[in-house]
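Structural characterization, general
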Amino acid sequence: MTIIKTNNIIKFINRNYLSLLVAGLMLISISATAQRPLIADTVWQRNGAFFNPPANPAKWDQWRADLNEWRKYELKTFNDSIYRKKEFLWTSKSYVSVFFLIHDSKFYNPKTGKYDIKGFVDYYTHQYGRIDNVIMWQLSPNVGFDDRNQYDFFRGMPGGIEGLKKVASEFHKYGIKFILNNNPPFGENIRHEMEPNEGRHYKFTWKGDGYSFSNSPIPTLSDSSGGPVPMAKLVKEVDADGVFLNCWAYGGDGLNYELNRVKKGVVVVGEWPLEKREFIEKQHMQWDLEKYGFKNQIHPASVLRSKWIERRHMTHIVDRRRKDVATELQMAWMNGTGILVWEDIFGIWRGWNQRDRSTLRSLSPILLMYTDVFNSENWTPLVETLQKEVYANLWEKDDIRIWTIINNLKESIEGELIRVEHKANNRYFDLFTGKEINVNTANHKVTLKGSINATGIAGFISNPAGKVDKVFQKFLLVQAEIKSRENLSTEYPALPVTLKPIVPTRKYKTADLPRGMVAFADTNYLLKDSVPQRETGAYQNSEFLPKGGLNTKTNVHFNAFAIDPTPVTNAQFKQFLKESGYKPRFKENFLKNWVNGNPPAGKENEAVVYVDIDDARAYAKWAGKRLPSKEEWQYAIESGKANYGERRVWEWNESERTDGRTRFIMLKGGPGDWFVKGPLFYAPSGPQPTKLSAKYMLMWPGLDRIKTIGFRCAVDMQY
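Since the structure is predicted, the reported quantities are computational estimates derived from the model, not experimental observations. (Residues numbered from 1 in each chain as written. Predicted model: local features only at pLDDT ≥ 70, side-chain atom pairs only at ≥ 80, totals over all residues. Heavy atoms only, no water.)

1. Focus: helix α19 (residues 613–622)
By the criterion of burial, α19 is predominantly enclosed, with seven of the 10 residues buried. As for α19, its buried residues are in contact with α18 (570–580) and β32 (663–667). Backbone geometry just downstream of α19 places G624 in the positive-phi region, at approximately 75 degrees. (Buried < 20%, exposed > 50% of the residue type's maximum accessible area, 1.4 Å probe, protein only. Helix = DSSP H or I, 4+ residues; strand = E, 2+ residues; numbered from the N terminus. Contact = heavy atoms within 4.5 Å.)

Structural data, given as structure tokens:
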């Protein structure tokens, strides 16, 4: 027998104390981790905002069990207090969100020079059925052409802040919430403006029923680019109902605090999925874009993570690049959540086809009617169905059961769809046709029959006989009427882009050519054109540009013309005003840099700026000229006969195009003294190659007139 002495044991323990301690902590850690359902780390981390179901239906029972265990674990420490606040109850019913640009003629009519909120609402309600909230985008594609910040764009809209307040009031009359866009502080050289309370510091403590505030050395952004102080001020002035976070998922405690100070019930809408549970505790609404949230291919019957945790959380499903939104509608239906309607992607048309519009018109009344059911605790994902590639979820509250069903095939299905337990005195109805389903209740089971369009949706409800009341009967009649107007066309509703015709001048001869102009004979020319990659696309309105933008070479024929060798100067424009008596229809920002009706001292021979396209056309007409086409402009500069003058600027030209919803011009030149460093969606700045064409969206003169755009003139000739 070997005898180990006591002092040797002590030495052994001392030598190995650290190793033993680490091993013990690892065992504790493993034990703690085992208590947290692994689905939180596996499914969520792989698939972004959704839990994808297993491909094998035999594994669905375990998948559901895992989901429930994971939710049970998360809810132990989840605080739902903001979802119980009365001022925020509207968010759980705000299913249909419309995102629009201020350049949209449905919103602002350039012909009348007025906002058309009634026409806007009439259009969207007729096409899509209902609007619950609107998000107004004011910034890109025009941000970066000068130093204006996001608040300058708001203030520069027709009527300024008071005009926006009236816009909000008009939307409110229709029961529609009005949400403003807020951008993070992108871009160097974008104008900064100080707030009176700039420099305020915050320390926030979340107590479950609100925020506590105290002074702290921790700063919170409060500048004009995206901080909480000026945005809250704007929300108060406009009486807005929410703030959309461009490129943000979560707005932060500072923004929530400031918004809460100025108005109760102001919602924050994140653009990206809320990846942290504590963010879902503090923010009621979000988008989910496929580009950001879907790391792998997502099944249309996937479970939305934020909705699974908090049933009252509102997500608006969107994929900006798709022309067919059937899958997004299926996801929204299977998750009892919202959808985003976004027809104009910063100048790229993405209108919905008639089938998808019909689906939303039928879908949204069901979600609204049964919000309490879709927000209830009793949600069973992927119950058994009777057809291949047909998926169904079950929602229950009190005695009501609703089955949300989708068809994942590209062909229609008709017949038996699901078999369910029968409850005494229950009646069954098709939520989309509005018709009662005749069932056989043998063996305490009923089989529900129906039809589903290709990649379409369907839904059934089981109601106790006592709840088939007048309200429910009226709802069924409305659904039947909507169904009768169903249009299953999947033809893409393209909007052709048309070029505004150039009004020719009289044909000048060399002898009577206006002084100083340089002439060009009829010729053919290989013209290179480059449109940088931005979200706004290029000439046609249906496609996003690839990396590197659009680059083309085209043989162009020029009829004889002459062009000013340099842009029109301040001095020349002053002479025009004196002799013509010209007064613009809208005076906002007209010659903003002039002082008492005169150009800035010493800049008489620099290019005139703060003029819009119609101001430029008015000058050209007075001078017996016209604006050049962008091709004429480029050819003239590349020839060496024309140049940029004393101050290089962007230049208006006759390249105005429209698809009936938005108007734009392809600017040429680029400023010599203005540079901005920003993300992809910012406009190019600084001097640009002659081949570059920059898309500039038109709204109204108050925003179109900026310090970096001037113009020159041209005439038609005969040699």
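More follows now that the structure is in view.
2. Details of unusual backbone geometry
Following S140, the chain continues to P141 via a peptide bond in cis, the omega torsion being 15 degrees. Counting through the fold element by element, P141 comes out in the loop between β5 (133–137) and α7 (150–155). Despite not being glycine, D239 has its phi angle at roughly 65 degrees, a positive value. Counting through the fold element by element, D239 comes out in the loop between α9 (228–238) and β9 (242–245). Despite not being glycine, L591 shows a phi value in the positive range, around 50 degrees.

3. Details of the sheet that holds strand β17 (residues 378–383)
With antiparallel pairing, the six strands of this open sheet are ordered in space as β17-β18-β19-β24-β21-β22. For this open sheet the edge positions go to β17 and β22 (436–437), each flanked by a neighbour on one side alone. As paired elements, strand β19 (residues 400–407) and strand β24 (residues 457–464) share six bridges and run antiparallel to each other. Within β24, the position partnered with I405 by the bridge is A458. (Pairing = 2+ DSSP bridges.)

4. Comments concerning the packing of helix α6 (residues 117–128) against helix α8 (residues 160–173)
Contact geometry for α6 and α8: axes closest at 10 Å, N-to-C directions at 40 degrees. Between α6 and α8, the angle falls in the class oblique. α8 is crossed by α6, and the crossing has right-handed handedness. The segment α6 lies against α8, with I117, F120 and V121 engaging V167, E170 and F171. The class makeup of the residues in the contact of α6 with α8 is five nonpolar, no polar and one charged. (Axes fitted to C-alpha atoms, helices over the stretch in contact; angles between N-to-C directions. Parallel < 35°, antiparallel > 145°, perpendicular 65-115°, else oblique. Left-handed = near helix turned anticlockwise from the far one by under 90°. Nonpolar A, V, L, I, M, F, W, Y, C, P; charged D, E, K, R; others polar.)

5. What to know about the pattern of salt bridges
It is possible for side chains bearing opposite charge to pair when their charged atoms get close. In this structure the tally under the stated criterion is 43 salt bridges. Of the charged contacts in the structure, one is a salt bridge between E281 and R277, with a shortest N-O distance of 3.8 Å. With E281 and R277 both in helix α11 (residues 277–282), this residue pair falls four residues apart, about one helical turn. For the pair E281 and R277, one class covers both residues: buried. (Salt bridge = Lys/Arg side-chain N within 4 Å of Asp/Glu carboxyl O.)

By themselves, these are just geometric observations and shouldn't be taken as functional.
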